[in-house]
Amino acid sequence: TDILAWGAAWYDPQGIAADDWLITPAITLTDNNIMSWEDMSVGINNPFFPYDIKISTATIDTADFQLLGTFYGQNQRPDDEVLDLSAYANQTVYIAVHNHAFEQFLITIDSITVTETAGEEVELINTNITGFAEQGLNQFFSMELYNTGYNTLTSLNINYQIDNDPIITEPISGLNLTLLDSL
């Protein structure tokens, strides 16, 4: 979308840390949920803007929130982040972004999503395969894969078929593709 959240931690007078909260409405989780989002900082003194992601299973009172992780927005470069929420399966939760930075400039948080994912799931996100190749010549192609499952992938099989020929399986091993990593 064209809407994102901005947070600042540059106050006048100086020396005051931020204590700003962005809290979701109640979310009822299912099995194997993940939360993903994009962050970016605009730094002056320090290019990495720290903030916390917290969770509450009770209320939106900030005292009820527990730390899930601390993240650092990358300076002027969008960065994809992800958290595993499977420990809270089948519970109703509130998720918060807590800006507690000290003398930082700006942080942006965008595209927050909570989704259910499978253990092993790979998405094809890019390829250079064309619709035509000259018969009898080797055709080399590349593809980019994205791990959308919560398990780390160490190997996978690529299946493909040319026209009505038999399906060909190419095993790929030696991977270390964690959640939301691409290859």
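Up top you'll find the structure we're talking about.
So, a few notes on the structure that sits alongside this text. Note that the structure is predicted; figures quoted are calculated from it, not measured.

Considering the overall build of the protein
At step 1: Helices and strands together make up the secondary structure of the protein, namely zero helices and 13 strands.
At step 2: For the protein, the succession of helices and strands along the chain, N to C, is β-β-β-β-β-β-β-β-β-β-β-β-β.
At step 3: For the protein, the C-alpha radius of gyration of 21 Å lies well beyond 16 Å, the compact-globule estimate for 183 residues.
At step 4: By principal-axis analysis of the C-alpha atoms, the protein measures approximately 75 × 40 × 30 Å.
At step 5: Evaluated residue by residue, the protein yields a buried proportion of 30% over its 183 residues.
At step 6: A fraction of 72% describes how many contacts in the protein between residues 6 or more apart in sequence connect residues 24 or more apart.

Some thoughts on the packing of aromatic side chains
At step 1: Inspection of every chain in the model, using the stated rule, returns three aromatic pairs.
At step 2: Ring geometry for tryptophan 37 against phenylalanine 71: centres 5.0 Å apart, planes inclined by 80°, an arrangement best described as edge-to-face. Here phenylalanine 71 lies in strand β6 (residues 66-73) and tryptophan 37 lies in strand β4 (residues 33-42), a separation of 34 residues in the sequence. The same class applies to tryptophan 37 and to phenylalanine 71, which are both buried.
At step 3: Members of the aromatic cluster, connected to one another through ring pairs, are Trp37, Tyr51 and Phe71.

Overview of the side chain of asparagine 33
At step 1: Tracing the backbone shows asparagine 33 in strand β4.
At step 2: Among the polar contacts made by the side chain of asparagine 33, one reaches the main-chain carbonyl oxygen of threonine 115 at a distance of 3.2 Å.
At step 3: Those residues within four positions of asparagine 33 in sequence are excluded, and the remaining contacts are Leu83, Asp84, Leu85, Ser86, Val114, Thr115 and Glu116.

A few points about unusual backbone geometry
At step 1: Phi at asparagine 32 is positive, roughly 60°, even though this residue is not glycine.
At step 2: Under the relative-accessibility criterion, asparagine 32 is labelled partly exposed at 24%.
At step 3: Within the chain, serine 111 stands out as a residue other than glycine whose phi angle is a positive 55°.
At step 4: Within the fold, serine 111 resides in strand β9 (residues 104-116).

A short note on the nonpolar core
At step 1: In this structure, Trp37, Tyr51, Ile53 and Ile95 are the most contacted members of the largest nonpolar core, which totals 18 residues.
At step 2: Contributions of two or more residues to this core are made by β4, β5 (49-56), β8 (92-99) and β9.
At step 3: No other element matches β5, which puts four residues into this core.
At step 4: Leaving out residues up to four positions away in the same chain, isoleucine 53 has contacts with Met35, Trp37, Gln66, Leu67, Leu68, Gly69, Phe71, Leu83, Ile95, Ala96 and Val97.
At step 5: Core analysis: the second largest hydrophobic core is formed by six residues, Leu145, Leu156, Ile158 and Leu175 among them.

So, the environment of valine 97
At step 1: Note that valine 97 resides in strand β8.
At step 2: Counting along the chain gives 94 residues from valine 97 to isoleucine 3, while the straight-line C-alpha distance between them is 16 Å.

Observations regarding the sheet that holds strand β7 (residues 79-84)
Two modes of strand pairing occur in sheets, parallel and antiparallel, and in both the strands are linked by backbone hydrogen bonds.
At step 1: Pairing is antiparallel across the open sheet formed by four strands, whose spatial order is β1-β9-β4-β7. Looking at the sheet topology across the chains shown, the edges are occupied by β1 (5-9) and β7. Averaged over all pairs of adjacent strands, the angle between strand axes in this sheet comes to 30°, irrespective of strand direction.
At step 2: In this structure, β4 lies alongside β7, joined through six bridges in antiparallel fashion. Looking at β7, one finds that glutamate 38 is bridged to aspartate 80.

Thoughts on the environment of asparagine 99
At step 1: Inspection of the secondary structure assignment puts asparagine 99 in strand β8.
At step 2: For the pair asparagine 99 and aspartate 61, spaced 38 residues apart in sequence, the C-alpha separation works out to 16 Å.
At step 3: In this structure asparagine 99 touches Gly7, Ala8, Ala9, Ala18, Asp19, Asp20, Phe49 and Tyr51, once residues within four positions along its chain are discounted.

Each value, and the rule that gives it
- Residues numbered from 1 in each chain as written.
- Predicted model: local features only at pLDDT ≥ 70, side-chain atom pairs only at ≥ 80, totals over all residues.
- Heavy atoms only, no water.
- Helix = DSSP H or I, 4+ residues; strand = E, 2+ residues; numbered from the N terminus.
- Rg over C-alpha atoms; globule rule 2.2 N^0.38 Å.
- Buried < 20%, exposed > 50% of the residue type's maximum accessible area, 1.4 Å probe, protein only.
- Contact = heavy atoms within 4.5 Å.
- Phe/Tyr/Trp six-rings, centres within 6.5 Å; stacked < 30°, edge-to-face > 60°.
- Polar contact = N/O pair within 3.5 Å; in protein donor to acceptor, adjacent residues only side chain to side chain.
- Core = buried A, V, L, I, M, F, W, Y, C linked by side-chain atoms within 4.5 Å.
- Pairing = 2+ DSSP bridges.
- Axes fitted to C-alpha atoms, helices over the stretch in contact; angles between N-to-C directions.

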